[in-house]
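So you can see what is in the structure, the chains are spelled out below.
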Number of protein chains: 2
Amino acid sequence: MTLKAIRTLENSDVIIGYTVYVDLVKEHFADKEFLSTPMKKEVDRCVMAFEEAMKGKTVSMICSGDAGVYGMAGLMYEVGVRYPQVQLEVIPGVTAATGGAAVLGAPLIHDFCLISLSDLLTPWEKIEARLLAAAQADFVICLYNPSSKKRKDYLNRACRLMLQYKSEDTVCGIVSMIGREGESSRMLSLKELMDTPVDMFTTVWIGNSQTREIGGKMVTPRGYRHE
Amino acid sequence: MTLKAIRTLENSDVIIGYTVYVDLVKEHFADKEFLSTPMKKEVDRCVMAFEEAMKGKTVSMICSGDAGVYGMAGLMYEVGVRYPQVQLEVIPGVTAATGGAAVLGAPLIHDFCLISLSDLLTPWEKIEARLLAAAQADFVICLYNPSSKKRKDYLNRACRLMLQYKSEDTVCGIVSMIGREGESSRMLSLKELMDTPVDMFTTVWIGNSQTREIGGKMVTPRGYRHE
C-alpha cells in the first residue's frame with residue numbers, strides 16, 4: 001500500500017468496499033466507520049459511497065490492487081454523474097501485473113498487454129481477438145481472472161489461441177494470493193500452462209520471444225539488441 | 001511510494017540510482033550512503049550495486065515508477081548471474097500507466113497495452129506491429145517515451161498508424177511529471193493528439209472504442225454491456 005493511500009484512509013470518516021477487502025484493512029484503521037456490499041453489488045456500493053459523502057463525510061472506496069485496473073474507479077465516475085457536488089480523487093495502487101511480476105522476477109520489463117479472461121461483461125470473441133493480436137505482436141501478456149467455477153477451461157482455450165503465434169516453450173509464470181498470506185508462485189512453459197488448473201486468486205504471465213529463466217526467475221530483457 | 005519501499009530504503013546501507021532519482025530521495029534518507037551513475041550507464045550502475053553488496057552491505061537500486069516496467073529489475077537479474085551469492089528482491093511500485101491514469105480519471109479500467117515508442121533497443125518495425133495489433137484489437141493503449149529530441153515525430157507516426165483502426169474522435173489523455181512538482185494533464189481527441197508536441201516526461205493514453213469524457217475526466221467503462 002502506498003503512503004498516499006494510507007494517509008487518505010487515515011483522513012477518511014468512512015471506508016467502503018467489498019466485504020473481504022474491508023476485513024483486511026479494518027484492524028489497521030480501528031476508529032473508522034466501515035460499510036460493505038457483497039460481490040456483484042458494485043453499483044450499490046458506489047451509490048452508498050456517494051450518499052455518505054452527501055452527508056458531508058470524507059469517504060474512501062477501497063478495492064484490491066489498483067482502483068484504475070479492473071477496479072472501481074471507472075464505475076465511481078459513471079455513478080458520480082448523479083452527484084456532481086461530490087469531489088472524486090483516484091489514489092493509484094500496485095496492480096497484480098506489477099505486484100506479481102516482482103514475485104516472479106522481471107517478466108514484464110518491456111511492452112506488455114493486460115487481458116482479463118472474464119466474459120461476464122466482455123464478449124468472448126473480443127477477448128479472443130485480443131489474445132491473438134497480443135500473441136502475434138510478441139507482447140508479454142498478463143492474464144487477470146484466468147479461471148472461475150463457471151469458466152474452468154478458459155485458460156486452456158487462451159493458451160491454445162496464443163500457441164498459434166507463441167512457441168510452446170515460451171516462459172510463463174503464475175502467482176497466487178499476491179502480497180497476501182499464502183502467496184505462491186511457479187514458472188512453467190506455455191505448453192505446461194495449458195493443462196495447469198488455476199483459481200480466481202491467480203494471475204498469469206506469458207513471456208515474449210525473449211523472456212527466459214535466469215537463476216530461477218522469469219526475466220524479459222529490456223531490448224532486442226541481441227536478436 | 002509504497003510502505004514496503006520506504007521500509008526497504010530505511011533498512012539499506014547504500015542507495016544507488018540515476019542521478020535525478022537519487023537527488024529526489026536523498027533528503028528523506030539522510031543517513032544513507034548514496035551512489036549514482038548518469039543515464040545510459042545502466043550496466044555500470046548494476047555492477048556497482050552488486051559490488052557494494054559483495055562487501056556485505058544491503059543495497060537498494062532505485063528507479064522511477066515500477067522497477068519491473070521499463071525499469072532496472074530485468075537488467076539486475078541479467079547482471080546478477082555474475083554474482084550468485086547476492087540475494088535479489090524486487091519491490092513493486094506504481095508505474096506511470098496507473099499513476100497517470102489516476103490523474104486523468106479512469107482511462108484504463110479494462111484490457112490495455114503498454115508500448116514504448118523508444119527505438120533505442122527495439123526495432124521500429126516491431127513497435128509499429130504492436131501499435132497496429134493493439135489498435136485493431138481495441139485495447140486502451142498507454143505510450144511510454146512518446147518523444148525525445150531525436151524522435152520528435154514518433155508520436156505523430158504512432159497516431160497515424162492507430163488511426164487505421166481507431167476513430168479520430170477517440171478520447172485520449174496526456175500527463176506530464178506524474179506525481180511530481182509541475183504535474184499537468186490534458187484530455188484531447190486522437191486527431192488532436194497527432195499534432196500535439198510532447199516531451200520525454202509525458203505519458204500518453206489512447207482510449208478504446210468505449211472510452212468517454214465524464215465530467216472532465218477520461219473514463220473507460222468496465223464492460224461492453226451497452227454495445
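Since this is a predicted model, take the numbers as computed values, not measurements.

> Go over the interface of chain A and chain B with me, naming the residues and quoting the values.
By a widespread convention, an interface's size corresponds to the accessible area lost as its parts come together. Each partner contributes to the interface: chain A provides 56 residues, whereas chain B provides 56 residues. Between chain A and chain B, the buried area comes to about 4800 Å², and carbon and sulfur atoms account for 62% of it. It is Tyr-77, Leu-121 and Arg-130 of chain A that lose the most area in chain A upon contact with chain B, and together they represent 14% of the buried surface on that side. At the boundary of chain A with chain B, the tally comes to 8 salt bridges. Linking chain A to chain B there are 24 residue pairs in polar contact (both at pLDDT 80 or more). Those elements giving two or more residues to the side of chain A that touches chain B turn out to be α1 (3-10), α4 (73-80), α5 (96-104), β4 (105-106), β5 (112-116), α6 (124-136), β10 (212-214) and β11 (217-219) of chain A. Sorting elements by how many residues they give to the side of chain A that touches chain B places β5 of chain A first, with 5 residues. When grouped by side-chain class, the residues that make up the side of chain A that touches chain B number 30 nonpolar, 15 polar and 11 charged. Pairing of β5 of chain A with strand β5 (residues 112-116) of chain B involves 3 bridges; the strand directions are antiparallel. Directly across from Cys-113 of chain A, in β5 of chain B, lies its bridge partner Cys-113 of chain B.

> Provide a residue-level description of the packing of helix α3 (residues 42-54) of chain B against helix α4 (residues 73-80) of chain B, including the pertinent values.
Residues and elements named next belong to chain B. Contact geometry of α3 with α4 gives a least axis separation of 10 Å together with a crossing angle of 60 degrees. Our classification of the angle between α3 and α4 gives oblique. For the pair α3 and α4, the sense of crossing is right-handed. Along its contact with α3, which presents Glu-42, Val-43, Cys-46, Val-47, Ala-49 and Phe-50, the element α4 presents Leu-75, Met-76, Val-79 and Gly-80. Partitioning the contact of α3 with α4 into residue classes produces 8 nonpolar, 1 polar and 1 charged.

> Give me the lowdown on the packing of aromatic side chains, citing residues and values where you can.
Residue and element names in this part refer to chain A. The full count for this structure, using the stated rule, is 8 aromatic pairs over all chains. Between the aromatic rings of Phe-50 and Tyr-83, the centroid separation amounts to 5.0 Å while the plane-to-plane angle is 5 degrees, which identifies the pairing as stacked. Taken together, the positions of Phe-50 in helix α3 (residues 42-54) and Tyr-83 in the loop between α4 and α5 put the pair 33 residues apart, joining distant regions of the chain. Phe-50 gets classed as buried once you look at its relative accessible area, which sits at 1%.

> Tell me about the side chain of Thr-211 of chain A, and name the residues and values.
All names here are of chain A. Checked against the element boundaries, Thr-211 lands in the loop between β9 (202-206) and β10. A polar contact of 2.8 Å, which involves the side chain of Thr-211, links it to the backbone nitrogen of Asn-208. A polar side-chain atom of Thr-211 sits 2.8 Å from a polar atom in the side chain of Thr-220. The contact partners of Thr-211, leaving out residues within four places of it in the chain, are Val-140, Val-171, Met-218, Val-219, Thr-220 and Pro-221.

So, how was this worked out
- Residues numbered from 1 in each chain as written.
- Chains lettered and ligands numbered in written order.
- Predicted model: local features only at pLDDT ≥ 70, side-chain atom pairs only at ≥ 80, totals over all residues.
- Heavy atoms only, no water.
- Contact = heavy atoms within 4.5 Å.
- Buried area = accessible area lost by both parts, 1.4 Å probe.
- Salt bridge = Lys/Arg side-chain N within 4 Å of Asp/Glu carboxyl O.
- Polar contact = N/O pair within 3.5 Å; in protein donor to acceptor, adjacent residues only side chain to side chain.
- Helix = DSSP H or I, 4+ residues; strand = E, 2+ residues; numbered from the N terminus.
- Nonpolar A, V, L, I, M, F, W, Y, C, P; charged D, E, K, R; others polar.
- Pairing = 2+ DSSP bridges.
- Axes fitted to C-alpha atoms, helices over the stretch in contact; angles between N-to-C directions.
- Parallel < 35°, antiparallel > 145°, perpendicular 65-115°, else oblique.
- Left-handed = near helix turned anticlockwise from the far one by under 90°.
- Phe/Tyr/Trp six-rings, centres within 6.5 Å; stacked < 30°, edge-to-face > 60°.
- Buried < 20%, exposed > 50% of the residue type's maximum accessible area, 1.4 Å probe, protein only.

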